[in-house]
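If you want the building blocks of each chain, they are given just below.
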Amino acid sequence: NMLNLEQRQLCGVRRARMRFRIREVLDRNNTNAKRIAEALGISHQAVLKVLQGNSHSIRVLDALRAAGVPERYLFDPRSEHAMDLLPTQEEGTGT
């Protein structure tokens, strides 16, 4: 399921809104963005870019999922349900 650029951007915006909930889940599961970065051998900034919705790194999204982050917080453009999670026409897109 490939989303177009606008839909991918919406996924990023929605994930950015969930970043604090994602961090809460990670905290509850005794991990954080820095530990995920270390486990993947990437920079902490690379993980933060995903949390902020500026990147859709497959490796980071998969690591967040493996760390217990619910799918409804990830807004992964690869997900077959990504479009279901995006705002409806009534909710608007802010554009």
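Everything here concerns the structure above.
Before going further, it helps to examine the overall build of the protein chain. For the protein chain, the helix and strand inventory stands at six helices and zero strands. Sequence-ordered secondary structure for the protein chain, helices as α and strands as β, is α-α-α-α-α-α. For the protein chain, the proportion of its 95 residues judged to be buried stands at 40%. Sequence separation of 24 or more characterises 60% of the internal contacts of the protein chain that already satisfy a separation of 6 or more. Summing over all exposed atoms, the protein chain offers an accessible surface of approximately 5900 Å²; the carbon and sulfur share of this is 48%.

What the rule picks out here adds up to five salt bridges. Among the salt bridges present, the one from Glu-71 reaches Arg-65, with a minimum N-O distance of 2.8 Å. Overall, the relative accessible area of 31% leaves Glu-71 in the partly exposed class. Salt-bridge contacts for Asp-76 lead to Arg-78; the nearest nitrogen and oxygen are separated by 2.7 Å. Among the residues examined, Arg-78 registers a relative accessible area of 35% and is labelled partly exposed. The structure contains a network of salt bridges with shared partners spanning Asp-62, Arg-65, Glu-71, Asp-76 and Arg-78.

If you look at the biggest cluster of nonpolar residues, it comprises 21 residues, and the most contacted ones within it are Ile-22, Leu-26, Ile-36, Val-47, Leu-51, Leu-64 and Val-69. For this core, the secondary structure elements donating two or more residues are helix 1 (5-28), helix 2 (33-40), helix 3 (44-51), helix 4 (58-66) and helix 5 (71-74). Excluding anything up to four places from it in sequence, Leu-51 contacts Arg-15, Ala-16, Arg-19, Ile-22, Arg-23, Ala-33 and Leu-64.

Rules and cut-offs
- Residues numbered from 1 in each chain as written.
- Predicted model: local features only at pLDDT ≥ 70, side-chain atom pairs only at ≥ 80, totals over all residues.
- Heavy atoms only, no water.
- Helix = DSSP H or I, 4+ residues; strand = E, 2+ residues; numbered from the N terminus.
- Buried < 20%, exposed > 50% of the residue type's maximum accessible area, 1.4 Å probe, protein only.
- Contact = heavy atoms within 4.5 Å.
- Areas by Shrake-Rupley, 256 points an atom, 1.4 Å probe, with all protein chains shown as cover.
- Salt bridge = Lys/Arg side-chain N within 4 Å of Asp/Glu carboxyl O.
- Core = buried A, V, L, I, M, F, W, Y, C linked by side-chain atoms within 4.5 Å.

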